[in-house]
Amino acid sequence: MNRVFIVAESARTRERLEDLLDSRRIEVVGSASNLEDAAEALAEEDADVLLVEAPNESVEELLEALASTGLTKDTAVVVLVDQSAPVWAGQALQAGIRGVLTGDADALQLARAVEAAASGLVVLDPGEVRAERSSSTRPVTLGLSEPLTARERQVLQMLAGGLGNKEIASRLKISEHTAKFHVASILGKFGASSRTEAVAIGLRRGLILL
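What you are looking at is a predicted structure, and each value in this text was computed from that prediction instead of being measured.

1. Remarks on the side chain of Thr 75
Stage number 1. Position of Thr 75 relative to the elements: it lies in the loop between α4 (71-74) and β4 (76-81).
Stage number 2. For Thr 75, a relative accessible area of 10% translates into the label buried.
Stage number 3. In this structure Thr 75 touches Ala 47, Asp 48, Val 49 and Leu 50, once residues within four positions along its chain are discounted.

So this is what it looks like as structure tokens:
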């Protein structure tokens, strides 16, 4: 069972989130009104996922607060926001946040996000993918120098799962050198500077299955 710690300024919100998670049989090990108090509590209590409601903060403010506490180093962080945007989500994912959902997520969405984040996957609200798709009538490969191959899509999915080149090579029964080549090709086609950025782009373009 995954263990979750909740951070929300409002006590009512904390109770609502705890009730939603409890309905899906996910253990809530604690809650706090701010990240500083959460960091202190998590120094003594282990949690797999930190669920943070940040409706009024800018991405810069949230990332600065998370960086100062160092919470993203040891705990998967999923953020709930009022109205996110692909750019916001992309910055958050690049900074080590494992998921971005809107605050009206239901119990099932929260449970799936917690399970995915705890497993090392990256989670993005479905609306983000729909928004990216509806922003243009062109295919989701828009902006790529060329479409991903079937093999590159497999590798991208594994990158989203946090696998390294050696693990990718083992699963696909290819050499580690070939795995590195595929990763480099994906980054090149996306114009991404890191694996995390490539995953964020892949999520926004609907190329990764959660």
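More follows now that the structure is in view.
2. Focus on the confidence of the model for the protein
Stage number 1. A residue-level look at the protein finds 82% of positions with pLDDT of 70 or above and a mean pLDDT of 81.
Stage number 2. Across residues 129-145 the pLDDT falls below 50, and counting only partners more than four positions away or on other chains, this stretch makes 20 contacts in the model.

3. Here we look at the sheet that holds strand β2 (residues 27-32)
Stage number 1. In spatial order, the strands read β2-β1-β3-β4-β5-β6; together these 6 strands make up an open sheet with parallel pairing. The open sheet has two edge strands, β2 and β6 (123-124), and neither has a second partner.
Stage number 2. Here 5 bridges tie strand β3 (residues 49-53) to β4, and the two strands are oriented parallel to one another. Each residue of the ladder has a partner; that of Leu 51, found in β4, is Val 78.
Stage number 3. Across the sheet, helix α2 (residues 35-42) lies against β1 (3-7), β2 and β3, angled at about 150° from β1, the strand it touches most.

Conventions we followed
- Residues numbered from 1 in each chain as written.
- Predicted model: local features only at pLDDT ≥ 70, side-chain atom pairs only at ≥ 80, totals over all residues.
- Heavy atoms only, no water.
- Helix = DSSP H or I, 4+ residues; strand = E, 2+ residues; numbered from the N terminus.
- Buried < 20%, exposed > 50% of the residue type's maximum accessible area, 1.4 Å probe, protein only.
- Contact = heavy atoms within 4.5 Å.
- pLDDT = per-residue confidence, 0-100.
- Pairing = 2+ DSSP bridges.
- Axes fitted to C-alpha atoms, helices over the stretch in contact; angles between N-to-C directions.

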